[in-house]
Amino acid sequence: MARLKDNRLLAERPLPRDGRERGSQAKAARTVTVNLAESPLGWLMARGMITARQYNAGERLRADWERAQLGPSVTMCWDAPPTARIPRGAPAAVDPTHAQISSKARFKAAVAEVGPGLSDILWRIVCAGEGMRDAEAALGWPARAGRLVLGLALDRLADYYRIG
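Here is what the cut-offs are and how they apply
- Residues numbered from 1 in each chain as written.
- Predicted model: local features only at pLDDT ≥ 70, side-chain atom pairs only at ≥ 80, totals over all residues.
- Heavy atoms only, no water.
- Helix = DSSP H or I, 4+ residues; strand = E, 2+ residues; numbered from the N terminus.
- Core = buried A, V, L, I, M, F, W, Y, C linked by side-chain atoms within 4.5 Å.
- Buried < 20%, exposed > 50% of the residue type's maximum accessible area, 1.4 Å probe, protein only.
- Contact = heavy atoms within 4.5 Å.
- Axes fitted to C-alpha atoms, helices over the stretch in contact; angles between N-to-C directions.
- Parallel < 35°, antiparallel > 145°, perpendicular 65-115°, else oblique.

When you look at unusual backbone geometry in this model, what are you seeing that I'm missing?
Leaving glycine out, the prevailing phi sign among residues is negative, and the prevailing peptide bond configuration is trans. Although it is not a glycine, Gln69 adopts a positive phi angle of roughly 55°. Of note, Gln69 is situated in the loop between α2 (52-67) and α3 (98-114). Phi angles above zero are rare outside glycine, and Arg162 is one such case at about 60°. For Arg162, the position within the fold is in the segment after α6 (145-161).

Here you go:
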């Protein structure tokens, strides 16, 4: 359960133990406090600009976005250099997991349900992590128009996910 303190939305998250599988029922040895308001969506909720229902819908969409690995890859390949002097080809493509495939399908269905006019601001704020001002500027919208449109998009998203 998250608690609001000084415009911070704090929540306790368990740290997995070494050698323990994530699905096990054993109690985690340690927890860490995270500030959920570090995301643009969390910042809006911490200031009362969106409701808890809208926040939960946005977080669910973002979870599907991340689980499907739809964001750009920004890490470097740290594999060892080849030792033989033979030319190497591109590495074999990684097969997506069932979780990635189903997350991508859920993400696409949710964005389609929100609609083309509302999904732009929704994707920019929730998935890409852009601030409201940057998203409004990128879309060519006047100041403070994005908050209203984002609220409508999050309401449609919450209806789609059946969040009460």
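When you look at the nonpolar core in this model, what are you seeing that I'm missing?
Counting 26 residues, the largest nonpolar core has Leu61, Leu122, Leu150, Leu154 and Leu157 as the members making the most contacts within it. Among the secondary structure elements, those contributing two or more residues to this core are α1 (40-46), α2, α3, α4 (116-127), α5 (132-139) and α6. Considering every element that reaches this core, the biggest residue donor is α6, with seven residues. If near-sequence neighbours (up to four positions away) are discounted, Leu61 is found in contact with Phe107, Ala110, Val111, Leu122, Val126, Cys127, Leu157 and Tyr161.

Explain the packing of α4 against α6 to me, please; I cannot follow it from the model alone.
Helix packing geometry: the angle between the two helix axes and the distance between the axes. Across the interface, α4 lies against α6 with an axial gap of 9 Å and an inter-helix angle of 95°. By the angle between their directions, the pair α4 and α6 is classed as roughly perpendicular. Facing α4, whose interface residues are Gly117, Leu118, Ile121, Leu122, Ile125 and Val126, α6 presents Gly146, Val149, Leu150, Leu152, Ala153, Leu154, Arg156 and Leu157.

Read these as spatial facts, not as claims about activity.
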